[in-house]
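Residue-level listing of the chains:
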Amino acid sequence: MPKAALSRISRFASLGLNSASRARFFCAGLIILGVLFVSPHPLGSAAADSTPKGALATRSHRAAPDSSSSDLMGSAFRRDRNGWIYLHLEGTPDQVGYQHGYLAAPEIREVIRVFGEYLPHTTKHDWQFYRQAAHSMFWDKIGDEYQREIAGIARGADARLKGDAGKNHNGRRAAKIDADDVLALNAWIELAQYYVPSLQARLGDPELHQSPPPSCSAFIATGSWTRDGKIVIGHNNWIDYLIGRHWNLMIDLKPAAGHRILMDAFPGFIHSGDDFYVTDAGLMATETTITQFKGFDPAGLPEFYRIRKAIQYSDSIDDWLKVMTEHPNGGYANDWLIGDRKTGEIARLENGIKNNIVERTKDGYYVGSNFPVNDKTIREETSFDPGNANNSANARHRRWDQLMNEHRGRIDIVSARRFEADHYDVVRKRQSGSGNTLCGHVEVESPGLPEWDWGKFYPGGTVNAKVTDASMAEKMSLWASVGHPCGAYFSARQFLARHPEYAWIRKISGDMQGGPWTQFSITLADETARAARSHRQAASR
Ligand SMILES: [Zn+2]
């Protein structure tokens, strides 16, 4: 790398840390300031292992691609911060795909390894089954743009792993990552939790039954409910810790067509997946899964494709609803929460197969904790029991309503962060993280959560959290925390010592840090992207 280029980049990068920029980041009541982009190296990649406890420093690694890929890399870059991997992706579908695959290759390889063990254990089908099912059911439905992006992710990851990093512990070349691997990754929730159970139901195989996974405690509020009268939105993601500890990509996607998107994501995903989106069209969207949803339509359009297309190409809630409700396959059926900062309007979409029910308001709130909302959906498309006041979904629903009413007129970004880390258990009437609390800790639950087929002391619960409001969204900015937003640290070793019945996760599990809350914004990303572009131009001369 030419010295002149390097010093130019260092200057750009240090601009990102000057007092003016820092001052911009100081929101009222902030907990811990996370400053982005302190590395002088525009290309970065980190090892796939987890950040050691307490080691929250920014990491960056020199890993320049070969010159033939520099056009594809464009102004992309990666920065690791407080457990998050920030990826700036920009350009055509081939470019953004390649950039994602190249910059997150170690993580993509690792999650494919995890699923290679996890899915056969939990669903009795191996990775090859998922690759084939994804290809035959979904590839032709997702269109040229997303086919190219997915193929690009595979190509980028494979290019990155061709070096030493691609060798396994025997020193041999690691298995190639192809487009079907990336497609299966994107579709794994729909396939494992909806398609496979639908096959089992058809075969009358009760032993292999599996319920849709839990995921999330979310809210959106507007009008007289919030401090400034504008939209506030928050979400935390619930899933197995061994999966959720990898849900730490923060993708800043600037596609050649459609709107720019800031979203958290899982390695290799073209969508957020858990889900949390802010777009430069003014939309903010999230969801929670419908507990005990039944049904899957193999002819329908996959959820990951509908949400990506809807969030990228919509200017309004109406546009978004049109795409989301076009022939849903029932995979990953959710209650979606969406807001438009341009109008202050919020909406909830219960996105089933037979029922797609919409509520909208400019003065109110919607909450999500995995409960289906409408009687018709509950009756026709779920086996959920709305009368059981003590199940997790209904308990958290009660807690959300309490918090919304207690904070009416005062809901803001600070309270949003507190809500997502809330530990009040309305069933046991005490402050202690559990399967009933908004920040979920099912690993302490002796009964587990039967609605989700999570057994006693199941190692799952909240794995990350995100919040934003209309003012931050206007600047394409949000706050996010990896792991439990309450700050709790999950030690896999200690958990397995106490619960040897989960020994099967030993090879694919690991620790999960909790927090800190970190602010991400595309403003500095743009400065760093310019530096990355000029660096590559200088390097190629
Ligand atoms: Zn917690």
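No experiment lies behind these values; they were computed from the predicted model shown. (Residues numbered from 1 in each chain as written. Predicted model: local features only at pLDDT ≥ 70, side-chain atom pairs only at ≥ 80, totals over all residues.)

## Description of the sheet that holds strand β5 (residues 249–255)
Keep this limit in mind: Strands are labelled as partners when DSSP assigns at least two bridges between them. Numbered from the N terminus, helices here are DSSP runs of H or I no shorter than four residues, and strands are runs of E no shorter than two. Note on method: axes are straight lines fitted to C-alpha atoms, helices fitted across the in-contact stretch only, with angles between N-to-C directions ranging 0 to 180 degrees.
Pairing within the open sheet is mixed, and its 9 strands lie in the order β1-β2-β5-β6-β7-β8-β9-β10-β11. Edge positions in the open sheet fall to β1 (77–81) and β11 (356–361), since each of these has one partner strand only. Direction aside, neighbouring strands of the sheet carry axes that sit 15° apart on average. Sheet topology places β5 next to strand β6 (residues 261–265); 5 bridges connect them, and they run antiparallel. Counterpart to Leu253 in the pairing with β6 is Ile261.

## Overview of the sheet that holds strand β15 (residues 460–469)
What links the strands of a sheet is backbone hydrogen bonding, and the strands pair in either a parallel or an antiparallel sense. Reading across the sheet, the 6 strands line up as β12-β3-β4-β15-β16-β17 and stay open at both edges, with antiparallel pairing between neighbours. Of all strands in the sheet, those bounded by a partner on one side alone are β12 (364–368) and β17 (518–521). Taken pair by pair, the neighbouring strands of this sheet meet at an average axis angle of 20°, ignoring direction. Relative to β12, strand β3 (residues 217–222) runs antiparallel, the two being bridged by 5 bridges. Of the residues in β12, the one forming a bridge with Ala218 is Gly368.

## What about the packing of helix α10 (residues 303–313) against helix α11 (residues 317–324)?
Angle between the axes and distance between the axes: these two values describe a pair of packed helices. Put simply, the rule reads: Any angle from 65 to 115 degrees is called roughly perpendicular, while one under 35 is roughly parallel, one over 145 is roughly antiparallel, and all others are oblique. Rotating anticlockwise by less than a right angle from the far helix to the near helix defines a left-handed crossing, while the corresponding clockwise rotation defines a right-handed one. By the convention adopted here, residues are in contact when the distance between their C-beta atoms, placed from the backbone, does not exceed 7 Å. Ten residues, namely Ala, Val, Leu, Ile, Met, Phe, Trp, Tyr, Cys and Pro, are considered nonpolar, four, namely Asp, Glu, Lys and Arg, are considered charged, and the remaining ones, Gly among them, are considered polar.
As a packed pair, α10 and α11 sit with axes 9 Å apart at the nearest point and diverge in direction by 160°. Taken together, the axes of α10 and α11 are roughly antiparallel relative to one another. Between α10 and α11 lies a crossing of right-handed hand. Of α11, the residues touching α10 (which contributes Arg306, Ile307, Lys309 and Ala310) are Trp320, Val323 and Met324. Its residues placed into classes, the contact of α10 with α11 shows 5 nonpolar, no polar and 2 charged.

## Re the confidence of the model for the protein chain
Interpreting fine coordinate detail is not advised for predicted regions of low pLDDT. What counts is decided by this rule: Every residue is assigned a pLDDT by the predictor, reflecting its confidence on a scale from 0 to 100.
Residues of the protein chain with pLDDT of at least 70 account for 83%, and the chain-wide mean is 86. Below a pLDDT of 50 lies the segment residues 1–67, which in the model reaches 119 contacts outside its immediate sequence neighbourhood of four places, other chains included.

## A word on the pairing of strand β7 (residues 276–279)
Inclusion rule: Between the buried cut of 20 or more and the exposed cut of 12 or fewer other C-beta atoms within 10 Å of a residue's own C-beta lies the partly exposed class, and all C-beta atoms are placed from the backbone.
Side chains Phe276 and Val278 project from β7 onto one buried face, and the interleaved Tyr277 and Thr279 project onto a second face that is buried too. Pairing of β6 with β7, which is carried by 3 bridges, proceeds in the antiparallel orientation. Counted as the bridge partner of Met263 is Tyr277 from β7. Bridging between β7 and strand β8 (residues 283–289) involves 3 bridges; their strand directions are antiparallel.

## What about helix α14 (residues 413–420)?
α14 sits mainly inside the fold: 6 of its 8 residues count as buried. For α14, the full list of buried residues reads Ile413, Ser415, Ala416, Arg417, Phe419 and Glu420. Where α14 is buried, its residues contact β3, β4 (232–240), α13 (392–406), β15, α15 (470–474) and β16 (477–482).

## What to know about the environment of Phe304
By secondary structure assignment, the location of Phe304 is in helix α10. With residues near it in sequence (within four places) discarded, Phe304 still touches Asn186, Ala187, Glu190 and His271.

## Here's the deal with the packing of helix α5 (residues 105–123) against helix α8 (residues 179–203)
Running from N to C, α5 and α8 point in directions that differ by 20°, and their axes come no closer than 12 Å. One way to sum up the angle between α5 and α8 is to call them roughly parallel. Both α5 and α8 take part in a crossing whose hand is left-handed. In this structure, α5 contributes Val111, Ile112, Phe115, Leu119 and Thr123 to the contact, and α8 contributes Asp181, Leu185, Trp188, Ala192 and Val196. Taken together, the residues of the contact of α5 with α8 sort by class into 8 nonpolar, 1 polar and 1 charged.

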